[in-house]
Structure formats: structure tokens, C-alpha cells
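# Observations on the model geometry
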Amino acid sequence: MNIIFDQEQQVFHLYNNKISYIMKLFHDGYLSHLYYGSKLDQINSNVCVYFTEREGAPQPDGLQDARLFSLDTLLQEYPSYGCGDFRIPAIEARLANGTSALDFRYKSHQIIKGKEALDNLPSSHVDNDKALTLAIRMQEVAGELELTLYYTIIEDESLILRHSVIKNIGNAPVRLGQLASFCLDFYDCDFERIHLHGAHANERNIQRSKLNVGIDVISSARGASSHQHNPFVALVRPDCTEHNGEVYAASLVWSGNFSAQVEVSSFENTRLVMGINSFDFEYKLDVNESFTSPEAVLVYSNQGLNDMSNTFHHFVREHILPKKWAKTLRPVLVNSWEAAYFNFTQESIVRFAKDAIKLGAELIVLDDGWFGHRDDDTTSLGDWDILNSKKLPNGIKGLCDEIHSLGAKFGLWVEPEMISPDSNLFRNHPDWALAVPNHKRSQQRNQYVLDLSRKDVRDYIVDVICKVLASADIDYVKWDMNRNLTEIGSVLLDSDRQGEVATRYVLGVYDIMHRITSRFPNILFESCAGGGRRFDLGLLCYMPQVWTSDNTDAVCRQAIQYGTSLVYPPITMGSHVSAVPNHQVGRSTPMLTRFICAMSGNFGYEMDLGKLGEAEQAEVKEHIALYKQLRETIQLGKFIRLISPFENTKNETAWSFISLDTNTVVLMYFKNTSKPAPNLRRVYLKGLDASAKYKVYKHLATKQVAYNDFLKARNLEGEILSGSELMYAGLTMDRIDADYSSVLVVLHKQA
Ligand code: GLA
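Counting of residues starts from 1 at the beginning of each chain's written sequence and follows it residue by residue. Per-residue local features are limited, in this predicted model, to residues with pLDDT of at least 70; the limit for side-chain atom pairs, both in listing and counting, is 80 or more; totals at the level of whole chains, interfaces and linings are taken over all residues. To get the side-chain values, all heavy atoms of the structure are used, and hydrogens and water are removed first.

## A short note on the domain arrangement of the protein
It is common to give the size of an interface as the accessible area that goes away when the parts come together. The domain limits used here are those given by an automatic or database domain assignment. Split by domain assignment, the protein resolves into domain 1 (2-320) and domain 2 (642-749). Taking only C-alpha atoms, the centre of domain 1 and the centre of domain 2 are 42 Å apart.

## Structural notes on a negative patch on the surface
Like-charged residues are merged into a patch within 9 Å and nonpolar side chains (Val, Leu, Ile, Met, Phe, Trp, Tyr) within 5 Å, provided each residue has over 30% relative accessible area and no salt bridge. Per-residue and other accessible areas were derived by the Shrake-Rupley procedure at a 1.4 Å probe size, with only the shown protein chains allowed to occlude residues. Salt bridges are counted wherever a side-chain nitrogen of Lys or Arg sits within 4 Å of a carboxyl oxygen of Asp or Glu. Asp and Glu are treated as the negative residues and Lys and Arg as the positive ones, with His and the ends of the chain left uncounted. Positions of charges follow a simple convention, taking NZ of Lys, CZ of Arg, CG of Asp or CD of Glu. A cluster of acidic side chains, namely Asp 127, Asp 129, Glu 155 and Asp 156, defines a negative patch on the protein surface. Strands are runs of DSSP state E lasting at least 2 residues, helices are runs of H or I lasting at least 4, and numbering of each runs from the N terminus. Looking at where Asp 156 falls in the secondary structure, it is placed in the loop between strand 8 (145-154) and strand 9 (159-168). Each residue's exposure class comes from its accessible area (1.4 Å probe, protein chains only) as a fraction of the maximum for that residue type: buried when under 20%, exposed when over 50%, partly exposed otherwise. Taking relative accessible area as the criterion, Asp 156 reaches 41% and is therefore assigned partly exposed.

## A look at the pattern of salt bridges
Under the definition given, this model contains 46 salt bridges. Of the charged contacts in the structure, one is a salt bridge between Lys 455 and Asp 459, with a shortest N-O distance of 2.8 Å. Of this pair, Lys 455 and Asp 459 both sit in helix 8 (residues 455-470), 4 residues apart, which is roughly one turn of the helix. Its relative accessible area of 27% is what places Asp 459 among the partly exposed residues. The shortest N-O distance in the salt bridge between Arg 504 and Glu 500 comes to 2.8 Å. Glu 500 sits in the buried class, given a relative accessible area of 0%. One network of salt bridges, with partners in common, ties together Lys 284, Asp 286, Glu 289, Asp 496, Arg 497, Glu 500 and Arg 504.

## Brief notes about the site of the ligand
Being near a molecule or strand, for a residue, comes down to having at least one heavy atom within 4 Å of it. Close to the ligand lie 13 residues, the nearest being Asp 367, Asp 368, Lys 478, Asp 480 and Asp 550. Counted as a polar contact is a pair of N or O atoms within 3.5 Å, where, for protein atoms, one must be capable of donating a hydrogen and the other of accepting one, and residues adjacent in sequence contribute only when both atoms are in side chains. Between the ligand and Arg 445 there is a distance of 2.9 Å, counted from an oxygen atom to a side-chain nitrogen or oxygen. When isolated, the ligand has an accessible area of 310 Å², and the protein chains bury 96% of it. Per-class residue counts for the shell around the ligand are 4 nonpolar, 3 polar and 6 charged. Lys, Arg, Asp and Glu make up the charged group, whereas Ala, Val, Leu, Ile, Met, Phe, Trp, Tyr, Cys and Pro make up the nonpolar group; the residues left over, Gly among them, are polar.

## Points about the packing of helix 11 (residues 554-564) against helix 12 (residues 591-598)
Orientation of helix 11 relative to helix 12, taken along the N-to-C sense of each, is 15°, at an axis distance of 9 Å. Judged by the angle between their axes, helix 11 and helix 12 are roughly parallel. Classified by chirality, the crossing of helix 12 by helix 11 is left-handed. Counted together, Ala 554, Arg 557, Gln 558 and Gln 561 of helix 11 and Thr 593, Arg 594 and Cys 597 of helix 12 form the full contact between these two elements. For the contact of helix 11 with helix 12, the class distribution of residues is 2 nonpolar, 3 polar and 2 charged. To get an axis, fit a line to the C-alpha atoms, keeping to the stretch in contact for a helix; angles then go from 0 to 180 degrees between the N-to-C directions. In what follows, roughly perpendicular refers to angles from 65 to 115 degrees, roughly parallel to angles under 35, roughly antiparallel to angles over 145, and oblique to any angle outside these ranges. Crossings are classed by handedness, with left-handed meaning an anticlockwise turn of the near helix from the far one by less than a right angle and right-handed meaning a clockwise turn. The contact criterion used throughout is that any non-hydrogen atoms of two residues lie within 4.5 Å.

## Here's the deal with the packing of aromatic side chains
For this analysis, a ring pair means two rings from Phe, Tyr or Trp (six-membered ring only for Trp) whose centres lie within 6.5 Å, classed as stacked if their planes differ by under 30 degrees, edge-to-face if by over 60, and tilted for the remaining angles. Overall, the coordinates contain 37 aromatic pairs when judged by the stated rule. Ring-pair connections join several aromatic residues into one group, and the members of that group are Tyr 21, Tyr 36, Tyr 151, Phe 186, Phe 191, Tyr 248 and Tyr 300. Working rule: Lys NZ or Arg CZ, within 6 Å of ring centre, within 35 degrees of ring normal, means a charge sits over the ring. One Lys or Arg, Arg 441, reaches over the ring of Tyr 448 and ends 5.1 Å from the middle of that ring. Over the face of the ring belonging to Trp 547 we find Arg 557, whose NZ or CZ atom lies 4.8 Å from the ring centre.

## A short note on the confidence of the model for the protein
pLDDT gives the predictor's per-residue confidence on a scale running from 0 to 100. Predicted confidence across the protein gives a mean pLDDT of 97, with 99% of residues reaching 70 or more. By mean pLDDT, helix 1 (residues 45-48) is the weakest element of the protein at 88, and strand 20 (residues 296-301) is the strongest at 99.

## So, the pairing of strand 1 (residues 2-6)
Criterion used throughout: strands pair if DSSP finds at least two bridges between them. Alignment of strand 1 against strand 2 (residues 11-15), held across 5 bridges, turns out to be antiparallel. Its bridge partner being in strand 2, Asn 2 is matched across the sheet by Tyr 15. What sits between the antiparallel neighbours strand 1 and strand 2 is a turn of 4 residues, in which Gln 10 has the positive phi angle 60°.

## Observations regarding helix 2 (residues 304-320)
Take the residue count of a helix, subtract one, and multiply by 1.5 Å to get its expected span. Over its 17 residues, helix 2 extends 23 Å from the first C-alpha to the last, a length consistent with the 24 Å expected when each residue adds 1.5 Å. Across the 17 residues of helix 2, 14 count as buried, placing the element largely inside the fold.

## Digging into the sheet that holds strand 2
Ordered in space as 1-2-3-4, the 4 strands form an open sheet in which the pairing is antiparallel. Because the sheet does not close on itself, it has two edges, and the strands there are strand 1 and strand 4 (30-38). Strand after strand, the sheet turns through a mean of 15° between neighbouring axes, direction not considered. Where strand 2 and strand 3 (residues 19-26) come together, 5 bridges link them in antiparallel fashion. Residue Phe 12 lies in a different strand from strand 3, and its bridge partner there is Met 23.

Right, here's the structure in full:
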């Protein structure tokens, strides 16, 4: 790993044993992009950059004679508008004189050991001797703005981290309209774009589309990274599959409004710009004030999407999750929400807990409804200091102690960012909710959003939530956020700073999360936002796991978890078995299928296990015991996608896990709708040791619904299979003529 600057060629080269990232300074300090991809020994910049005259492309003053050099055709590192480049910019600002033409030129650079944390923003952490950072300082020619571009390369990781910082070095305020986290220019447009889109209960569907000349945007303007679009995008070569081909992927360490714009120019160059959404964004930079963009993680792979995901997964575990939790195995959780909703008492929760603990549960979570007079979702958010003593006569502490005495951990739900119109907090502080003058506030789920751009509001929330968390020996917190932001205004900010509120809100969320999580380092925090509204790298810096979706149906979850796994490792994905018929889609799936799907992440139950019959309870007990044996492989191992629910038959899904020591392999296969004359699916495993022998330790498959005499259930337990056989000849899945079937095979590598 190194960063070198070739003075003669004016070339920067960042590299490790996997990738190279190369830039060059042209003429009077134009920073251009030369190369990003598999590691190069060197690049001859005289040859690799080819200038040609393009009618309609302007030349900077002094370079007009040759008519070759134009910002409109140059591959750039951080382009701006107004001085010759007509494509999408990475930065927009209105200078003190009201003009917006920007021309940034190289001033100096610095190579720094390690990587510093970003100001007021979550960011990845890395040991100083494992990373190098290049900081390139640029100055706008009018002398009012200084821009610093940061590039970090980490040993052995096929990725580059980028962010940028802008500072007002002039004598009057400047209005910032955009500060992207990065821009990435490509010579060609032979790409397809992959992104993750969705809705509440239908998060992170994989969409792959051809690039067209023009601009394509995915974005959020909802105040959160959103159910609709995840802050992730990948440009892949058309021949790229899960296991082959080139991928350029990017994900933001950011939880608010964002955009990822892709422009294919008329000369068929491609530009990708990603960062905070410039739509409805304006930031006033006072003299000497700086603004920092969120960090972006740029992953490169020449071995397909699964390799991209493995790079993200490793990076998230090593460099994003709070260190304490990155490798801590997660407990089997049972949550009260779908079991009881708002309808519980201390007694009913203790009974619920006893029934779950008997079957092996390790953590009992009391969800919404324990405070104020919250018996439905119309009231009491904000009244965290008022216990619902009708439900919990002995308080949180009484319940928590009792759960502990039963031998389990105890967890609690909170939604600190919100305020109900019907709450004491709102009656006492109506100005604490986001609002704009002369407009009524919209409601979503009967609630408003607290103005977390205000320090006084943040201080109150930190104080009141810390009091709740200190009131008992709480082991786990589910931190929810159940609406998008509307009427985004703050009474404390001047009119020329109202365009900052959506951004300041997210910075405020980070501030309270930082203060609360660092005060309680032993509490395991799970973030949630109506399920996966905020499944992003930003929140994962504070809270090491996320409630993946409010949809717990095992069929829907295959797609949701498959899509989520593009970026986020299974250890971050909350996934629970729930009752049937499923509460979101009304479907009844076998217990085993629900288990196999839910066990592919942070496993738990979202149901009252005491209400099951004896036979099902015995099944659950077995499942929990098996998960405990496999959880290290699932939570810390390598995740491999094998059959996509978005492709092929769209009726099957398969994935597998390989333990860190490579000795345990877990294969999961699902087939949703039974078909006549079915093909017998062979699954080809990946990533095994071809010459090793594997013994089938566990083989579970769902049962026929209508029993066919000729279809005998088979059991492979004890069979020995070679790695090459499993990978190249494949393993035939059981034929099950019933809907929602599934198969689990656990293999142990033989010594
Ligand atoms: C959101 C969450 C659910 C549950 C409810 C409680 O919808 O996503 O899991 O916690 O809130 O009100």
C-alpha cells in the first residue's frame, strides 16, 4: 500500500495489492482522473490521456489555440459548473457577489498516515498503520473558497474512501448549493446501473438498468436515506454476474437526503456524482466556516457482485461497526411487537418471556407502548419520563429485574426523534417540532418530528433517554423512527439558514446517538425506521444492527435480505420468525421456512411462542439450539449468494455461509411456488476447498402438504461429499410438491 506523487508527470497514484487509483494535474492545476481499477504498476499519462478537438467544448483562457483541452471533455476528480464543463457538477456555490461560476485549481497536497475522523459526521475507523490518506487542497480562483479532497486507501481492501471539505476563506458569506462526497468519471459508458429501491415492508429490491445518454438519478428527499432508495449504487459491465465481471460500487456513510446521479455525455463518457442531495439544500458558509461532506466508500471488483458484497461486508465489520460489537455474537431475541402490539401488562410480558426462555430465547424485548398513555399510535411520543404504570406497576426496573431473574437479557423500544401532538412534551414545547411559518404540520403515523437542529431539544432528549436507560439494567435498545420529514423549518434559525435544516437534523441525530450510545457502551442498540427506512452505513457507525423490514413474511424476506446483502453483512440484519398467517401479507408458510429465512441474519422471534402447540414448540426449541451452533458462521462468516429471487425463475432463492475457519458451510434454499413437472434444482456451491471432503451434519427440508406416497423424504446426514463435487456437479435439492418449501444443509469439512 502506498501513495506516490510523480513530480515529473504530475501524477498521484494510490495503490495496494488489489487496486490503483490514479489522478493527474494538467496545466495550471486542473485535477483530472486517469484510472481506477485493478492494480497497475504504472501508467504513462502521455499516452493514456488523448485530447481531441470537440466542437462546442470551450477552452480555458490561454489554452484556446490548440482547441484540444476542455473541461467539458476532461475526466475530472471534482468538477464544477460555469467555466467550461456543462456536465453535472460535484460542487455548487454562490459567491458573495452572487455569481456561481467556479474554477478550482490544485494548491498543495499532503499524505497522512491513517485516516482522521470526520467533523460531526460518522465515518469509518482504521488503525493508523493500515491506511494512508491523500489530502489535495484546491483553491477557487476568486479566492473565496478552499476545497480539500480526501482519498484513503486501506491495506488489502479493494476500496477507496472519499470525502470533501469546503471552507470559506473570503471576507463574506458564501451560499453552498452542493458538496458531493465524490465524483467518478469513466472513459466509456459500457455499464449498467444497479440500485436498491423499495417501499415500507418492501425494501431493497435490486434494479438493474442500462445507462442512457443523459442524466439518471436516484435520490431521497424524505429526510432519511429512505425505504425508496438506498444510498448505494453500482456501475457494472453488462457481462457482470454474481461471480464474474467488473463492478464500481459506492455507498454513503450518511442517513439523510442523498442523490446518486449518473450522466452519460454526448461523447459517451460516464460521470457518477454522489452525496447529500442538492435538491432543497443550501448551506450558508460564514467567513472561516467549513462544511464537510459525508464519507463515501468506493468498492471495486473484477469478480462480480458477490465479491463486491464480500468487500463491503468485511469493511462494515472491520471499519464501520462500533468495535465492541463488530465481533460480538448476537443473542436470540424475542420481541413483543407482533405478539401483543400495545396490549400487554407486566404479567403478560413475564409469561411471554418465560415461554420464550424455556425454548432457548436469550433476550426479551418490550416494544412500543410502555410510556405515557400509549395504548395505540396516536399519543405520548416524547413523554419518556412518564411510565404507563397501569401496564407496568413495578416500572421498567421491576420488569427488567424479573426478566433477568429468569435468566435472559432485557431490551426496550424507544423513538426519541419524534413527538406526538398529544403529549405533555408538545403541550409544553410546541416549537420543538419541525415547522414552517403559516403552514400546518403534516402528520405521519400521528406524529411530528422533533427539531434536532436545536441544541436545547437535543440536550433534553439525551437527558430524558439516558434517565430511562439508567433506570434499569437494560441490555438492548430498539431505536425507532417512524416518519419522513415534512414542513422542514426551525424557529431558531434565520431565514437564510432554513435550507440547512434537513442536514442539521441528521447531524443532530448523529449527535444524540453518539452521546447516548457512548454513555451506554454495554447496551446493544438496534436501529429501526419503520423497518429499513434508514439501513445505511451512517447509522451503523453507532448502532451495529438494523431491523431490516417490518415485513416478516418468509417469502418477501428472501428478496429483502438478498437485496440488503448487496452492501450490508448478515450480522447487521435483524430477521425474525413471526406468526402465520403473516401480519403483513397474510401468507402461511411452514415454520421451517420461516426459521431458515430468519436464521440468515440476527435471528429472533416476533411472536408469542407460548401460543404454539407442543409439537411446534419442540420444533422452535430445536431451531434455536441449531442457530446457536451456527450463529458464529452466520454472523461472522462469508456470505455467498447462489440463486437470486430477482432473476432466473424468480421463484427460488439460495445462499450460503462459510465460517471464518472455513470448516462449516451452511446452505439455504427456498422454492416458493410449487410447479408441476418440476425441474430438480441443483445448487452449485461456491468458495469451498475443492480437494476437501465435507460431511453432511444436518439436512432439514419442509414436508409435503399433500402426501405423495412415491415421494420419500430423504436424509443426507452422514453423507460425505467432496468440495469439487459440491461446487462443480452441484447438490440436488429435495423435491417438495408444496408451496413455500425450503432446505437447509449444514456441512462440516473433514480433517
Ligand atoms: C415501527 C417498527 C415496528 C414496531 C413499531 C412500534 O413500525 O418498525 O417494528 O417497533 O414501530 O410502534
